[in-house]
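Chain and residue survey
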Amino acid sequence: MSAAGGGPTITLDGVSRWFGNVVAVNEISFELSAGVTGLLGPNGAGKSTLLHMLSGFLEPSAGSVTVLGGSPWCNPALYRHVGLVPEREAVYGHLTGYEFVLLSARLQGLADPRGAARRAIEEVDLGAAATRTTGGYSKGMKQRIKVAAALVHDPTVLLLDEPFNGADPRQRLHMTELFQRLATEGRTILFSSHILEEVERLAERVLVIVAGRLAASGDFREIRRLMTDAPHTFVLRTSDDRRLAAALVAHESVVGVEVGNELLTVRTSQLGAFARAAPVIARDAAVSIHELRPTDESLEGVFSYLVNR
Amino acid sequence: MSEPASASSIYDLGYRHYDGPRTGRWGTIATLYTGSVRSAFGLGRRTSSKIIPFTLAVLAFVPALIQVGIGAITSGLDADVEIFEHEDYFGYVQIVLVLFCAAVAPELAGRDQRNRMLSLYFSRALARSDYALARFAALTSVMLVLTLGPQAVLFVGNGMAADDLSGYIADRWDLVLPILGGSALVSAMIASVGLVIASYIPRRAYATAVIVGAFVVTLTIATILMETLDTEYAQYALLVSPAVWDGVVFFLFRVEAPSGNVIADASFSGWIYLAAGLITVAVALGLTIHRFERIQV
Amino acid sequence: MTGIILRLTLRQMLGRGRTILIGLLALLPVLVALVYRLGSQDTEQQEWAATVLLDGFVVTTLLPLAALVYGTAALGVEIEDGTAVYLLSKPILRRRIVLAKITASWMVTTATVLSSGLVAGAIALYDKPKAGILLGFGVGILLGGLVYSALFVMLSVVTSRALIAGLIYVFIWEGLVNGLFAGTRLLSVRHYTLGVADWFVDLPPSAFDAALDPATALVLMVVFGAAATWYADRRLQRFEIGETT
């Protein structure tokens with residue numbers, strides 16, 4: 001199910017939110033369609049505030065929020081197509097996992113709540129524990145039952161606030177696969193996190209929020225390429241590090257070299273030019289390059305650059 | 001640590017060990033005391049947490065302020081208008097005192113248990129009983145603001161309305177000790193009961209409800225029993241109810257209980273009420289200390 | 001839909017601590033009535049039952065306290081621990097949620113207070129003509145419980161300190177202020193309850209008298225209750241999860 005006309009499912013236009021003197025979200029605009037997007041930012045950057053506005057639990061102080069063609073504020077009917085996984089850990093402790101998801105299904109007005117609940121529980125792989133009361137669940141299990149409750153009505157949009165909090169690696173892997181599958185079915189998934197590995201692995205796009213402002217959006221590798229004032233770093237294993245180093249330093253695209261014990265580290269400010277020039281320089285210097293790889297093209301590098309700007 | 005004997009230095013900005021004087025146990029207790037008094041009125045927190053304590057505190061002063069207002073208006077006249085007497089005052093503001101204690105005691109004794117702060121407190125130069133006693137002292141002091149404060153306003157207000165202030169004081173000198181004693185005892189009684197309930201019931205809503213219930217329900221039941229049953233038996237219900245405050249106050253002011261009052265028909269001498277009050281404080285305080293000595297952090 | 005929420009709320013509300021607290025409180029009128037019958041030589045049982053027991057204790061203390069504890073728990077607990085989100089992020093009109101919560105609170109409050117009051121009243125009036133006392137106070141408690149529930153559910157949506165705010169309302173407004181300023185009784189659920197009871201109670205004014213006449217009391221009940229419900233709905237529609245702390 002995609003939005004009618006194939007337009008974006010979520011649109012933010014100049015959205016701001018302040019609490020007294022504190023501006024939590026500062027003129028953020030973006031559009032999201034089907035796929036997985038990660039909302040990334042340091043603590044206190046405004047991720048939760050943004051998610052609350054998207055889920056209709058906070059009114060924007062300025063700007064407009066549009067989800068599936070309507071504003072989520074004061075609009076409960078929208079929840080038919082939106083699933084929300086809140087951050088707070090508490091669930092209805094006296095209900096069993098199955099009853100909790102069943103409750104969600106019933107409140108959504110589904111025609112076959114029991115079947116939907118069972119399917120949702122299978123999706124998150126909690127079939128074994130579904131008969132225990134959620135009060136006794138571990139943190140990761142509580143996360144998963146919340147996800148099940150949010151999926152039970154087959155929503156078009158899924159909003160998750162720190163879904164990987166407390167999940168062990170196996171559960172994280174499982175959920176990552178689940179979200180990827182849901183995204184390929186045409187759903188729009190937005191999740192916030194500060195666990196970079198997960199965002200890197202799962203999100204096709206990232207939205208980086210720093211101090212309430214949108215610092216960057218898009219594929220994080222492309223963002224990296226846009227960060228032209230931060231030199232790229234490459235690591236090389238060659239047959240003669242020092243000779244190649246001397247030859248590389250002469251090239252205009254190279255900002256610095258460092259000859260290490262086993263590796264040669266090269267910093268360059270012009271990615272494209274360096275990529276073209278390096279093999280030529282190596283051939284002219286009669287040095288073989290066994291390995292050349294970028295070292296800071298990780299989300300972590302991008303992230304710390306954006307945060308510290 | 002800077003490099004000696006050179007013009008340039010690198011400064012170590014890392015963690016510093018404190019080697020200076022430490023205030024020790026009494027300093028810690030004093031800090032806990034002041035902190036408790038401040039948090040009781042919501043000082044140091046956002047405005048919304050000040051509303052309830054301040055509203056209730058102001059309400060406790062209202063009769064005294066009314067009296068002062070009337071006194072100001074009639075001061076030129078010959079009449080000596082005294083609507084609110086010192087010894088009756090606590091009866092009027094009784095519910096305000098109870099509500100204040102019910103609102104504040106859980107913050108002092110329950111909040112640390114909920115937030116698991118106790119381990120922090122008990123790993124300081126502070127005995128567990130010190131913690132309990134400091135909280136008790138703070139709550140009693142705070143209640144004193146609501147008991148002694150209005151009484152003082154009433155006394156001074158009456159004095160200023162009278163034509164001759166110094167004469168007034170000389171005349172009513174014998175009121176000062178009962179005012180002080182009565183306020184102190186009533187404060188201690190309310191504070192100790194509120195604190196022991198709050199320390200055993202960390203959840204704020206429950207503690208508040210039980211504190212209010214403990215005072216209101218005991219008084220209502222005692223009143224009903226006094227009216228319906230043979231007073232010889234019913235009067236014992238008074239000793240575990242807030243009626244004890246009236247007993248102690250009337251005793252200290254050396255007046256008879258007015259005929260409408262619930263203790264009017266009881267045959268206890270003032271000393272019994274005093275003993276009952278002191279025993280209540282001692283038992284409640286003891287239980288509070290026991291609770292904090294025993295609690296697992 | 002409302003039924004589901006109702007059942008869920010009932011399950012949550014009847015938690016151990018709450019039930020014990022209100023249960024003990026509800027026993028008291030019965031005990032007092034027993035003591036009265038066994039011990040007292042009073043001949044004015046009807047007056048006693050109406051004025052002292054039912055008015056003075058059950059309606060003045062037990063009813064509002066029970067409604068307060070259950071009314072603030074109905075929605076307040078979920079708002080406080082964050083589980084309200086699960087209820088609010090569903091395609092359900094907020095007013096249905098409010099109505100379900102009020103109904104749940106009303107059901108439990110009335111069940112407790114009504115049984116306590118009627119049993120205690122029956123004991124006190126054992127072999128005496130009832131003079132409509134039990135009927136009057138029964139109806140009063142039934143309706144008063146509803147209005148109290150609406151009021152306290154509304155308070156729990158508006159503030160996080162609903163319990164103490166409700167206590168201030170019950171003891172200071174309905175206790176002190178209504179006692180001192182007769183005009184304020186027009187805004188007091190307790191006096192609505194007594195007014196409605198007065199319609200059925202067939203006693204001379206010296207024995208039992210309510211400040212408001214039954215018609216006024218009933219109309220004001222409806223207005224007050226509707227206003228509280230409407231406001232609770234409006235505030236819940238605009239429910240926000242703000243800064244944590």
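Residues numbered from 1 in each chain as written. Chains lettered and ligands numbered in written order. Predicted model: local features only at pLDDT ≥ 70, side-chain atom pairs only at ≥ 80, totals over all residues. Heavy atoms only, no water.

Some words on the overall build of chain B
Rules: Strands here mean DSSP runs of E at least two residues long; helices mean DSSP runs of H or I at least four residues long; both are numbered from the N terminus. Here's how the labels work: a residue is buried when its accessible area is under 20% of the maximum for its type, exposed when over 50%, partly exposed in between, all with a 1.4 Å probe on protein chains only. By definition in these notes, contact holds between two residues if any of their heavy atoms fall within 4.5 Å.
A count of helices and strands for chain B gives 11 helices and 0 strands. Put simply, chain B runs from its N terminus to its C terminus through helices and strands in the order α-α-α-α-α-α-α-α-α-α-α. Counting only C-alpha atoms and orienting by the principal axes, one finds that chain B spans roughly 85 × 50 × 35 Å. Put simply, chain B has 297 residues, and 48% of those count as buried. Within chain B, counting contacts between residues at least 6 apart in sequence, those at least 24 apart form 75% of the total.

A word on the arrangement of the chains
Most contacts, compared over the 2 pairs of chains touching, are made between chains A and C. The closest approach of any C-alpha atom in chain A to one in chain B is 12 Å; the two make no contact.

Section: the sheet that holds strand 5 (residues 82-85) of chain A
Residues and elements named next belong to chain A. Test applied: By the convention used here, strands pair only if DSSP detects at least 2 bridges between them. For every element, the axis is a line fit to its C-alpha atoms; helices are fit only across the contacting stretch, and the angle between N-to-C directions ranges from 0 to 180 degrees.
Read from one edge of the open sheet, 6 strands run 5-6-7-3-8-9, paired in mixed fashion. The strands lining the two open edges of the sheet, one partner per strand, are strand 5 and strand 9 (213-218). On average, each strand axis in the sheet is inclined to that of its neighbour by 15°, with strand direction left out of account. Inspection of the sheet shows strand 6 (residues 157-161) paired to strand 7 (residues 188-193) by 5 bridges, in the parallel sense.

A few points about the pairing of strand 8 (residues 205-210) of chain A
Residues and elements named next belong to chain A. By the criterion of burial, strand 8 is predominantly enclosed, with 5 of the 6 residues buried. Here strand 3 (residues 35-40) runs beside strand 8; their pairing, made up of 4 bridges, is parallel. Opposite leucine 40, over in strand 8, you have valine 208 as the bridge partner. Pairing analysis gives 5 bridges linking strand 8 to strand 9, with the strands arranged antiparallel.

Things to note about the packing of helix 3 (residues 45-81) of chain C against helix 8 (residues 189-200) of chain C
Residue and element names in this part refer to chain C. The test is simple: Here the word oblique covers every angle except those under 35 degrees (roughly parallel), over 145 (roughly antiparallel) and from 65 to 115 (roughly perpendicular). Left-handed is the label given to a crossing in which the near helix is rotated counterclockwise from the far helix by less than a right angle, and right-handed is the label when the rotation is clockwise.
Contact geometry for helix 3 and helix 8: axes closest at 10 Å, N-to-C directions at 140°. On the basis of their axis angle, the class for helix 3 and helix 8 is oblique. When the axes of helix 3 and helix 8 are compared, the crossing they make is right-handed. Residue-level inspection shows Asp55, Val59, Thr60 and Leu63 of helix 3 in contact with helix 8, the latter providing Arg190, Thr193 and Leu194.

Structural notes on the packing of helix 8 (residues 204-228) of chain B against helix 7 (residues 162-180) of chain C
Two quantities define a packed helix pair, namely the angle between the axes and the distance from one axis to the other. Counted only if it meets this: Residues are grouped as follows: Ala, Val, Leu, Ile, Met, Phe, Trp, Tyr, Cys and Pro are nonpolar; Asp, Glu, Lys and Arg are charged; every other residue, Gly included, is polar.
Following both chains from N to C, one finds helix 8 of chain B and helix 7 of chain C inclined at 25°, their axes separated by 10 Å at the closest point. On the basis of the axis angle, helix 8 of chain B is roughly parallel to helix 7 of chain C. Judged by residue contacts, B:Ala205, B:Thr208, B:Ala209, B:Val212 and B:Val216 of helix 8 of chain B engage C:Leu163, C:Ile164, C:Leu167 and C:Phe171 from helix 7 of chain C. Class assignment of the residues belonging to the contact of helix 8 of chain B with helix 7 of chain C gives a composition of 8 nonpolar, 1 polar and no charged.

Quick word on the interface of chain A and chain C
Applicable threshold: Once two parts are joined, some of their accessible surface, as seen by a 1.4 Å probe, is lost; buried area is that loss totalled over both. The term salt bridge refers to a side-chain nitrogen of Lys or Arg lying within 4 Å of a carboxyl oxygen of Asp or Glu. Under this definition, polar contacts are N or O atom pairs within 3.5 Å; protein pairs additionally need one hydrogen-donor-capable and one acceptor-capable atom, and for neighbouring residues in sequence, both atoms have to be side-chain atoms.
On the chain C side, the residues contacting the 30 residues of chain A number 27 residues. Of the roughly 2800 Å² buried between chain A and chain C, counting both surfaces, carbon and sulfur atoms make up 65%. Contact with chain C buries area across many residues of chain A, yet A:Phe57, A:Tyr92 and A:Leu107 alone supply 28% of it, more than any other trio. The interface formed by chain A and chain C holds 3 salt bridges in total. A:Glu59 is paired through a salt bridge with C:Arg238; the nearest N and O atoms lie 3.1 Å apart. At the boundary of chain A with chain C, the tally comes to 9 residue pairs in polar contact (both at pLDDT 80 or more). By residue number, the principal contributor to the side of chain A that touches chain C is helix 2 (residues 97-107) of chain A, which donates 6 residues. Residues of the side of chain A that touches chain C, tallied by class, amount to 17 nonpolar, 6 polar and 7 charged.

So, the nonpolar core
For clarity, the threshold we go by: In plain words, nonpolar cores are sets of buried Ala, Val, Leu, Ile, Met, Phe, Trp, Tyr and Cys residues tied together by side-chain atoms within 4.5 Å.
Core analysis: the largest hydrophobic core is formed by 267 residues, its most contacted members being A:Phe179, B:Leu99 and C:Phe137. The leading source of residues in this core is helix 3 of chain C, at 20 residues. What A:Phe179 contacts, discounting residues up to four positions off in sequence, is A:Val36, A:Val147, A:Leu158, A:Leu160, A:Phe164, A:Ile189 and A:Leu202. A:Leu236, A:Ala245, A:Val254 and A:Ala282 belong to the second largest nonpolar core, which has 15 residues in total.

Things to note about helix 3 (residues 113-123) of chain A
Within the span of helix 3 of chain A, buried status applies to A:Pro113, A:Gly115, A:Ala116, A:Ala117, A:Ala120 and A:Ile121. Positive phi appears at A:Asp125, one or two residues downstream of helix 3 of chain A, with a value of about 60°.

What to know about the environment of C:Ala50
Residue and element names in this part refer to chain C. Tracing the sequence through the fold places alanine 50 in helix 3. Once the C-alpha coordinates of alanine 50 and serine 105 are considered, the two residues, 55 residues apart in sequence, prove to be 25 Å apart. In this view, alanine 50 contacts Asp55, Ile133, Phe137, Leu203 and Phe208; residues no more than four positions away in its chain are not counted.

Looking at the sheet that holds strand 4 (residues 62-67) of chain A
All names here are of chain A. The strand order 2-1-4 describes an open sheet built from 3 strands, whose pairing is antiparallel. Looking along the sheet, the strands with just one partner apiece sit at the ends: strand 2 (22-32) and strand 4. Strand-to-strand, the axes of this sheet are offset by a mean angle of 20°, without reference to chain direction. As paired strands, strand 1 (residues 10-19) and strand 2 are joined by 7 bridges and run antiparallel to one another. When the bridges of strand 2 are listed, phenylalanine 19 appears paired with valine 22. Each of strand 1, strand 2 and strand 4 is contacted by helix 1 (residues 47-54), which is oriented at about 120° to strand 1, the strand it contacts most.

Observations concerning the environment of A:Leu292
Residues and elements named next belong to chain A. Along the chain, the position of leucine 292 falls in strand 13 (residues 289-294). Here leucine 292 falls in the partly exposed class, since its relative accessible area comes to 41%. Residues leucine 292 and alanine 275, 17 residues apart in the sequence, show an inter-C-alpha distance of 10.0 Å. Not counting residues up to four positions away in its chain, the partners in contact with leucine 292 are Phe234, Val235, Leu236 and Phe274.

Topic: the packing of aromatic side chains
Just so we agree on the cut-off: Put simply, two rings from Phe, Tyr or Trp (the six-membered ring, in Trp's case) pair if the centres are within 6.5 Å, and we call them stacked under 30 degrees between planes, edge-to-face over 60, tilted for the rest.
Applying the stated criterion across every chain, the model contains 24 aromatic pairs over all chains. Ring centres 6.4 Å apart and planes at 40° place the aromatic pair C:Trp230 and C:Tyr231 in the tilted group. Under the relative-accessibility criterion, C:Tyr231 is labelled partly exposed at 30%. Among the aromatic side chains, those forming a connected cluster through ring pairs are B:Tyr121, B:Phe122, B:Tyr131 and B:Phe292.

A few points about the interface of chain C and chain B
Taken together, the contact between chain C and chain B spans 24 residues of the former and 26 residues of the latter. In total, chain C and chain B occlude about 2300 Å² of area from one another, counting both sides; carbon and sulfur atoms represent 79% of this. The largest per-residue losses of area from chain C upon contact with chain B belong to C:Arg161, C:Ile164 and C:Phe171, which jointly make up 23% of the total buried on that side. Counting across the chain C and chain B interface gives 0 salt bridges. If you look at where chain C meets chain B, you find 0 residue pairs in polar contact (both at pLDDT 80 or more). At the level of secondary structure, the elements contributing two or more residues to the side of chain C that touches chain B comprise helix 2 (16-39), helix 3 and helix 7 of chain C. In terms of residue count, helix 2 of chain C provides more of the side of chain C that touches chain B than any other element does, 9 residues in total.

Structural notes on the pattern of salt bridges
The final tally for this structure, using the stated rule, is 15 salt bridges over all chains. A salt bridge links A:Asp284 to A:Arg283, with the shortest nitrogen-to-oxygen separation between them at 3.6 Å. Through salt bridges that share partners, B:Arg45, B:Glu107, B:Arg111 and B:Arg204 make up one connected network.

Some details on the confidence of the model for chain B
Formally: Per-residue confidence from the predictor is reported as pLDDT, which spans 0 to 100.
The pLDDT averaged across chain B works out to 87; a share of 95% of its residues lies at or above 70. Scored by ipTM, the complex comes to 0.85, with pTM at 0.85.

Considerations on the side chain of A:Ser192
Residues and elements named next belong to chain A. Residue position: serine 192 is located in strand 7. A polar contact is formed between the side chain of serine 192 and the side chain of aspartate 161, at a distance of 3.0 Å. Within the structure, serine 192 has its side chain in polar contact with the backbone nitrogen of glutamate 162 (distance 3.1 Å). Serine 192 has contacts with Leu39, Lys47, Leu51, Leu160, Asp161, Glu162 and Pro163, leaving out every residue within four places of it along the chain.

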